[in-house]
Amino acid sequence: MLIGGTWVEASSGETIATHNPATGELLATVPAADEHDVDRAVEAALAAQPEWRRRGPRDRARLLEQVATRLESDGERLAWIDAADSGNPLQGMRKDVRAAVDYIRYMCGIALELKGETIPVAGNVLDYTLRQPFGVVARITPFNHPLMFAAQKIAAPLIAGNAVVLKPSTLAPLAPLEFARAIDGILPPGVLSVLTGSGETCGRALVRHRGVRRIAFTGSVETGQQLSRDAAEGGIKVLSLELGGKNPIVVMPDADPDKAAQAGSTGMNLDWTLGQSCGSTSRAFVHESLYDAFVDGVRQRFDALRIGQPTDERTQLGSLVSAAQLAKVERYVALGTAEGAELVTGGTRPVDERLARGFFYRPTLFAHVRPEMRIAREEIFGPVLSVLSWRDEAGMLANVNELAYGLSANIWTNDLRTAHRLADEIEAGYVWINGDGRHFTGAPFGGVKSSGIGSEESLDELLSYTQKKNVSVFL
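First, a word on what this report is: a plain description of the structure on this page. All of these numbers come straight from a predicted model, not from anything done at the bench.

Strand order in the open sheet made by the seven strands is β14-β15-β16-β13-β12-β17-β18, with mixed pairing throughout. Because the sheet does not close on itself, it has two edges, and the strands there are β14 (342–345) and β18 (430–433). Within the sheet, the average angular offset between the axes of one strand and its neighbour, ignoring direction, is 20°.

Time to look at the packing of aromatic side chains. Taken as a whole, this structure holds four aromatic pairs when the rule is applied. An angle of 90° between the planes, with centres 5.9 Å apart, marks the rings of Phe143 and Phe381 as edge-to-face. You can see Phe143 sitting in the loop between β7 (136–140) and α5 (146–159) and its partner Phe381 sitting in the loop between β15 (364–367) and β16 (384–390), a full 238 residues away along the chain. A residue is classified by how much of its surface remains accessible, and Phe381, at 17% relative accessible area, is buried. Through successive ring pairs, a cluster of aromatic residues spans Tyr430, Trp432 and Phe445. Above the plane of the ring of Trp272 lies Lys95, whose end atom (NZ or CZ) is 4.9 Å from the centre. Over the aromatic face of Trp7 sits the side chain of Arg181, whose NZ or CZ is 4.1 Å from the ring centroid.

Put simply, helix α9 (residues 257–266) and helix α11 (residues 291–304) touch, their axes get as near as 8 Å, and they point 50° apart. The angle between α9 and α11 falls in the class oblique. As α9 runs across α11, the sense of the crossing is right-handed. Residue-level inspection shows Pro257, Asp258, Ala260, Ala261, Gln262, Gly264 and Ser265 of α9 in contact with α11, the latter providing Ala293, Phe294, Gly297, Val298, Arg301 and Phe302. Taken together, the residues that form the contact of α9 with α11 break down as seven nonpolar, four polar and two charged.

With that settled, the discussion passes to the packing of helix α2 (residues 57–73) against helix α4 (residues 90–109). One way to put it is that α2 packs onto α4 with a least axis distance of 9 Å and a crossing angle of 165°. By the angle class used here, α2 and α4 are roughly antiparallel. Seen from above, α2 lies across α4 with left-handed handedness. Every residue of α4 that contacts α2 at Ala61, Leu64, Glu65, Val67, Ala68, Thr69, Leu71 and Glu72 is listed here: Val97, Ala100, Val101, Ile104, Arg105 and Cys108.

The next thing to look at is the pattern of salt bridges. Scanning the entire structure with this criterion turns up 29 salt bridges. The salt bridge partner of Lys468 is Glu117, with a shortest N-O separation of 3.7 Å. In this pair, Lys468 sits in strand β20 (residues 466–474) while Glu117 sits in the loop between α4 and β5 (118–119), placing the two residues 351 residues apart along the sequence. Glu117 sits in the partly exposed class, given a relative accessible area of 44%. In this structure, Arg370 engages Glu372 in a salt bridge whose closest nitrogen and oxygen atoms are separated by 2.7 Å.

Time to look at the sheet that holds β5. A sheet is described by the order of its strands in space; here three strands give the open sequence β5-β6-β20, paired in antiparallel fashion. This sheet does not close on itself; its edge strands, each paired only once, are β5 and β20. Relative to β20, strand β6 (residues 125–133) is paired through nine bridges, and the arrangement is antiparallel. Counterpart to Arg131 in the pairing with β20 is Lys468.

Quick look at the pairing of β16 now. Where burial is concerned, most of β16 is hidden: six out of the seven residues are buried. Here strand β13 (residues 283–287) pairs with β16 via five bridges, running parallel. Its bridge partner lying in β16, Phe285 is registered against Leu388.

Right, let's talk about α9 for a bit. What α9 keeps buried is the set Ala260, Ala261, Ala263, Gly264 and Ser265. The elements touched by buried residues of α9 are β12 (248–251), α10 (270–273), α11, β16 and β17 (408–412). The opening residue of α9 is Asp256, an N-cap whose side-chain oxygen sits 2.9 Å from the backbone nitrogen of Asp258.

Attention shifts here to the nonpolar core. With 85 residues, the main nonpolar core has Leu64, Leu71, Ile104, Phe179 and Leu195 as its most contacted residues. The biggest single contributor to this core is α5, with ten residues. Not counting the four nearest positions on each side in its chain, Phe179 is found in contact with Val67, Leu71, Leu78, Leu147, Ala150, Ala151 and Ile154. Grouped together as the second largest cluster of nonpolar side chains are 50 residues, Val298, Leu317, Ala367 and Val384 included.

About the criteria used
Residues numbered from 1 in each chain as written. Predicted model: local features only at pLDDT ≥ 70, side-chain atom pairs only at ≥ 80, totals over all residues. Heavy atoms only, no water. Pairing = 2+ DSSP bridges. Helix = DSSP H or I, 4+ residues; strand = E, 2+ residues; numbered from the N terminus. Axes fitted to C-alpha atoms, helices over the stretch in contact; angles between N-to-C directions. Phe/Tyr/Trp six-rings, centres within 6.5 Å; stacked < 30°, edge-to-face > 60°. Buried < 20%, exposed > 50% of the residue type's maximum accessible area, 1.4 Å probe, protein only. Lys NZ or Arg CZ within 6 Å of the ring centre and 35° of its normal. Parallel < 35°, antiparallel > 145°, perpendicular 65-115°, else oblique. Left-handed = near helix turned anticlockwise from the far one by under 90°. Contact = heavy atoms within 4.5 Å. Nonpolar A, V, L, I, M, F, W, Y, C, P; charged D, E, K, R; others polar. Salt bridge = Lys/Arg side-chain N within 4 Å of Asp/Glu carboxyl O. Polar contact = N/O pair within 3.5 Å; in protein donor to acceptor, adjacent residues only side chain to side chain. Core = buried A, V, L, I, M, F, W, Y, C linked by side-chain atoms within 4.5 Å.

So this is what it looks like as structure tokens:
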């Protein structure tokens, strides 16, 4: 792992094994960082950050442009590593590389927006504001897009003048480490460190460290809550959290059922992460007049998807990331059946000896789901879509908004007034209208309620890594 510009083992000598989730094959071992390694990384960051800050945003952006170019040139190798380590299809990991490159360049392009303001005041006084970095930022990223999140999520804090300590998930750490190796030598030593270690040991020590003043985390609501408690142990820190979702797709009676069914399938992000996505629209609220057509359309699309080895060019669906994720999905499928939902398709592992050693699972569709069922209320983080029927709009909206989640939503209607009204009334941080779940560079993405704090993927993210200081000059 990378600490202070040097590739090192863990202080303890302990390691963590990482396996290919599609085959069970041991891929590598990585260092198991502990609190001593966290201290070393934060101390290196504290030492490097003042000079990094003095470079100014344009110079910092020029170096990040080099990072983007290096990532782009090494993208095919990194995408292959990412597919092998995470279980996600190679096609999707290539998209992740392109998305990361584009986003780093976007952040470089808006670097000069790190500017202050002048405030008109009475008398001979000049009043202005400055935007200044926090110092050391901890970025903790999840397993579902290992490379993309590692590369994307360092751009804003670095361009803002912070040093970054990155901790990727131990379930898929290889591509983030290899990315750091690929860009080695571009950034000054200590400006970026990459630690691999468990959340319980490395992650907890990192967020509690008094040298870390800004934290950004992507993951589950439960972990976000624990992280918030841990961070408070190390002082008052600024947090941004992108957490879970149980995101609704709402199909109105005037929608095209075939297009809505396509969105219902696409919105599950099956061909990218097998539904292991906080943005998956895993609750479908379909008007009773279109219900059967929607369910049948989604079923056909689910059944047509090709499951295979993630590194195979032809694969559309890869595997879940771990045995624990597979067991979780299986528990919820059994629970849905016990609760009385109709299992329309899926609900089993694929019958293919070539896939027997991996954590594969068929896309699963439940119909006749009721709002009180746990499969309609809890984030499964896997390939399970629950479809609920509705007649009364007010009741439907109450069911949509009653959960603690509020990340994203998708509305399908041909009525413009209905679309805007529902977009206003649904409690979510990001709403698509007749969309398919795509993100757009520069459009802020973030959750409300228990789905998170703050917005990313936009100017808001860059500014969030600065503190505003006011200066009054008496002339």
